[in-house]
Amino acid sequence: MNFISGEIIGIDKPYGWTSFDAVKRLRGAIQRRLHLKKFKVGHAGTLDPLASGVLIVCTGKATKQIEQLQNGTKEYIADIMLGATTPSFDLETEIDNRYPFEHISKEMILETLPRFTGSIMQVPPVFSAVKIDGKRAYKYARKGKEVELKAKPLQIDEMELLDCELPLLRLRIVCSKGTYIRALARDLGEALGSGAHLVALRRTRVGNIKIDNCLSVDEAVGMIGECDLEFPENYTPAPNAGLTDNVNT
């Protein structure tokens, strides 16, 4: 593999890890393999710590493709709990309000989902990385400060009901860059005359990269340690580069 000219690696980010955690682990393995103190590695599209699934990691010159890769269509599997809300719209914060959900049926959900497909406007969660006056919104939210976020346009291509065991339902969502599935949970709960929050999220596709073709972090680190190295023309690798077996962090 030619990490310097650039590689694009699909990672199955574990639950509880930040996107930076995964990038840091791979960067460390590559730096040790190439005997470099610094090396450019980045990811195309942040995935929340409470979500798992496809995270695209780019190395070397392939980091120039990050913006293009970020624009790829995303697919998610989302578990949404009706009848309760949290300030963050997911499990990062505790339940703050409970609502009736007994009036909701599967048929009612199927009738409501089309309202959220196509071109829609969405207000991002306050617990998000959206910037307000140069600061991330979540920094205000965690201090209990009220902030007002503006609705943004986005595209929802598909919303499919995969399972419905009320008050829990599972959706497959195909959407554009910038979509907050947590905010979709909030809006769906309101549309159903109740409340809702996200309890599980898995990203199953980004552009053409599907979860079935992704590596676990450990598999990726192992691949880095064992693969055949290639180098660009006129590049002189560090002495003994690629000969180390130490690829653990």
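Residues numbered from 1 in each chain as written. Predicted model: local features only at pLDDT ≥ 70, side-chain atom pairs only at ≥ 80, totals over all residues. Heavy atoms only, no water.

Caption draft 1: Representation of helix α6 (residues 217-226) in the model. V217, A220, V221, I224 and G225 are the residues of α6 that are buried. The buried residues of α6 occupy an angular sector of 135 degrees when the element is viewed end-on, so they sit on one face. Along α6, exposed side chains directed more than 90 degrees from the buried face belong to D218 and E226. For α6, the elements touching its buried residues are β1 (8-13) and α1 (19-34). (Buried < 20%, exposed > 50% of the residue type's maximum accessible area, 1.4 Å probe, protein only. Helix = DSSP H or I, 4+ residues; strand = E, 2+ residues; numbered from the N terminus. Arc of directions from axis to C-beta. Contact = heavy atoms within 4.5 Å.)

Caption draft 2: Quick peek at the side chain of K13. Turning to its location among the elements, K13 is positioned in strand β1. Buried and without a salt bridge, K13 has D21 as its closest oppositely charged side chain, separated by 7.3 Å. Within the local environment of K13, its side chain forms a polar contact with the backbone oxygen of A51, the two atoms lying 2.7 Å apart. Setting aside its immediate chain neighbours within four residues, K13 contacts T18, S19, L47, D48, P49, A51, S52, G53 and L55. (Lys, Arg positive; Asp, Glu negative; His and termini not counted. Salt bridge = Lys/Arg side-chain N within 4 Å of Asp/Glu carboxyl O. Polar contact = N/O pair within 3.5 Å; in protein donor to acceptor, adjacent residues only side chain to side chain.)

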